[in-house]
Amino acid sequence: MNDDAAHLEEQDELFEHYKFTASDGQVPLRVDKFLLNFIENATRNKIQQAIKAGNVLVNDAVVKSNYKVKPLDEVRVVLAHPPHENLLVAEDIPINIVYEDDAVMVVNKPAGMVVHPGHGNYSGTLVNGLIHHIENLPKNSNERPGLVHRIDKDTSGLLVVAKTEAAMTHLSNQFFDRTTERLYLALVWGNIENDEGTITGHIGRSFKNRLQMDVFPDGEFGKHAVTHYKVIERFSYVTLVQCKLETGRTHQIRAHFKHIGHTLFNDERYGGEKILKGTTFTKYKQFVDNCFKVLPRQALHAKTLGFEHPVTKKMMQFDSEIPEDMQACLEKWRAYTVNHKE
């Protein structure tokens, strides 16, 4: 198998190895000393190296060695490889199967479901369900059964799963060669100026917050990434766009749209859970809060997926309905726009 083709285009993710919550009586203590007290067989030098590399987070923010841990601080150590205890266990989890044959399966993942174990989620993932549903799923170079691509936990939509080694190789090469079709729907803050466009900019892990990805337009860091977009509907203060991925980097749509000043609606990790556009009226704030309640996640859905079948060589295309939470949010914005026309 082509290792480059099988890496899911997401080598930048991090796995949670340790998480500690300081007690409510915690005396202020340097974070390196705090971790030394909790991690068995750790040396202060190794802990300081992890801190210097940006792999120690306090309340989801990168800290330096001299940060003093305070009561109820959440301290996490995240590293580029999975922890040794990350063992795959088959679980009887309901899976929304759109299509299945002897070679492939297409699933419609709900928002809230993690695709594969990691980041402190070692059960209840799509992979846990897949290995219960299908025996002897092939593993890619990252030891993830059946996976040739992925979508974020709080993104809904379509994924294709390989059921055989041959299908894994064939599908992986299609993703690597960018011959698949992937269309997403995203609701973003602001009124995008152009009806269509392309966002180009290398994407890599943020130096300030290791849980975010940043765009490096000069290409000095990260990996080449291209997102094409087309405006579908405008709602004054937010815009519904269709996104076509040319590459598949971690958080690509989320990072690219924040970079151009149009953060995804209710994307908490990237600041979209704040009111970024609109009025200062109390009623407007209440309206947006209600939208956040019906859509308690980033407004992103993997709507269309197309690929060449690894056996028949026929092009297959699948389309999914906009999920209820996102549809409810769009209906609220449609009604608001009609009722507040200038």
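This text goes with the structure placed above it.
This is a predicted model, so every value here is computed, not measured. (Residues numbered from 1 in each chain as written. Predicted model: local features only at pLDDT ≥ 70, side-chain atom pairs only at ≥ 80, totals over all residues. Heavy atoms only, no water.)

J.: What is the right way to look at the overall build of the chain in this model?
T.: Each helix and strand counted, the chain has seven helices and 17 strands in total. In terms of C-alpha radius of gyration, the chain reaches 21 Å, essentially the compact-globule figure of 20 Å for 342 residues. For the C-alpha atoms alone, the extent of the chain along its principal axes is close to 55 × 55 × 40 Å. Within the chain, the fraction of its 342 residues that count as buried is 51%. Considering only intrachain contacts with a sequence separation of at least 6, the fraction spanning at least 24 residues in the chain is 69%. Taken as a whole, the chain presents about 16700 Å² of accessible surface, with 48% of it coming from carbon and sulfur. In the chain, which carries 41 positive and 45 negative side-chain charges, the distance between the mean positions of the two groups comes to 7 Å. (Helix = DSSP H or I, 4+ residues; strand = E, 2+ residues; numbered from the N terminus. Rg over C-alpha atoms; globule rule 2.2 N^0.38 Å. Buried < 20%, exposed > 50% of the residue type's maximum accessible area, 1.4 Å probe, protein only. Contact = heavy atoms within 4.5 Å. Areas by Shrake-Rupley, 256 points an atom, 1.4 Å probe, with all protein chains shown as cover. Lys, Arg positive; Asp, Glu negative; His and termini not counted. Charge placed at Lys NZ, Arg CZ, Asp CG, Glu CD.)

J.: How do you make sense of the nonpolar core when you look at a structure like this?
T.: Across soluble globular proteins, nonpolar side chains show a tendency to be buried alongside one another. Residues L126, L130, Y184, A186, V241, I253 and F257 are the most contacted members of the largest nonpolar core, which totals 30 residues. Secondary-structure elements contributing two or more residues to this core are β8 (104-109), α3 (126-133), β9 (156-162), β10 (181-189), β14 (226-234), β15 (238-245), α5 (252-259) and β16 (300-308). Counting residues in each nonpolar core, the second largest holds 20 residues, with Y284, V288, I322 and W333 among its members. (Core = buried A, V, L, I, M, F, W, Y, C linked by side-chain atoms within 4.5 Å.)

J.: Help me understand the packing of aromatic side chains in this model?
T.: Each aromatic ring pair is described using two quantities: the centre-to-centre distance and the angle formed by the ring planes. Inspection of every chain in the model, using the stated rule, returns 17 aromatic pairs. For the ring pair Y18 and F20, a centre distance of 6.1 Å and an interplane angle of 15° mean the geometry is stacked. Residue Y18 is classed as partly exposed on the basis of its relative accessible area, which comes to 33%. The class of F20 is buried, set by a relative accessible area of 15%. (Phe/Tyr/Trp six-rings, centres within 6.5 Å; stacked < 30°, edge-to-face > 60°.)

J.: How should I be thinking about the pattern of salt bridges in this particular structure?
T.: Oppositely charged side chains may form a pair once their charged atoms are brought near each other. Applying the stated criterion to the full structure yields 14 salt bridges. Across the pair E100 and K163 runs a salt bridge whose closest N-O atoms are separated by 2.8 Å. With E100 in strand β7 (residues 97-100) and K163 in the loop between β9 and α4 (165-177), the pair connects residues that are 63 residues apart, well separated along the chain. Look at E100 and you get partly exposed, because its relative accessible area is 32%. Salt bridges linked by common partners bring R150, D152, R254 and D267 together as one network. (Salt bridge = Lys/Arg side-chain N within 4 Å of Asp/Glu carboxyl O.)

J.: I keep staring at the pairing of strand β6 (residues 74-79) and nothing clicks. Help me out?
T.: Every other side chain in a regular strand lies on the same face of the sheet, so the side chains alternate between the two faces. For strand β1 (residues 15-21) and β6, the ladder comprises six bridges, and the chain directions are antiparallel. Across the sheet, residue E16 finds its bridge partner in β6, namely V78. As paired elements, strand β3 (residues 56-58) and β6 share three bridges and run antiparallel to each other. Paired with V58 across the two strands is V75, which belongs to β6. (Pairing = 2+ DSSP bridges.)

J.: Which parts of the structure should I look at to understand the state of the cysteines?
T.: Simply put, the disulfide is a covalent bond whose two ends are the sulfur atoms of two cysteines. Tallying each qualifying case throughout the model produces zero disulfides. Free cysteine C291: the closest other cysteine sulfur is in C329, separated by 4.5 Å. Classification of C291 by relative accessible area gives buried; the value is 0%. (Disulfide = S-S within 2.5 Å.)

J.: Looking at this model, I keep getting lost on the sheet that holds β3. Mind explaining?
T.: Either a parallel or an antiparallel arrangement is found when strands of a sheet pair, and the pairing is made through backbone hydrogen bonds. Overall, antiparallel pairing links the four strands, which are arranged β1-β6-β3-β4 in an open sheet. Edge strands, defined here as strands with exactly one partner in the open sheet, are β1 and β4 (61-62). Bridge count for β3 against β4 is two bridges, and the pairing is antiparallel. Opposite L57, over in β4, you have V62 as the bridge partner.

J.: Before we go on, may I ask you to explain α4 in this structure?
T.: Every α-helix carries 3.6 residues per turn, so stepping three or four residues along brings you back to the same face. Taking 1.5 Å per residue, 13 residues should reach 18 Å; α4 reaches 18 Å between its end C-alpha atoms and fits that length. Among the residues making up α4, those that are buried are A167, M168, H170, L171, S172, Q174 and F175. Those residues of α4 that are buried are in contact with β8, β9, β10 and β16. In the segment just after α4, R178 is the residue with positive phi, at about 65°. (Expected span 1.5 Å × (residues − 1).)

J.: Would you mind showing me how to read helix α6 (residues 282-294) here?
T.: For α6, with 13 residues, the first-to-last C-alpha span of 19 Å sits near the 18 Å given by 1.5 Å per residue. Of the residues making up α6, those classed as buried are Y284, F287, V288, C291 and F292. Down the axis of α6, the buried side of the element spans an arc of 140°, and every buried residue falls inside it. Of the exposed residues in α6, those oriented more than 90 degrees away from the buried face are T282, K283 and K293. Considering only its buried residues, α6 is in contact with β10 and α7 (324-339). (Arc of directions from axis to C-beta.)

J.: Any chance you could explain the environment of P217 here in plain terms?
T.: Locating P217 in the fold gives a position in the loop between β13 (213-216) and β14. For P217, a relative accessible area of 52% translates into the label exposed. Among residues more than four places away in sequence, those in contact with P217 are G201 and H259.

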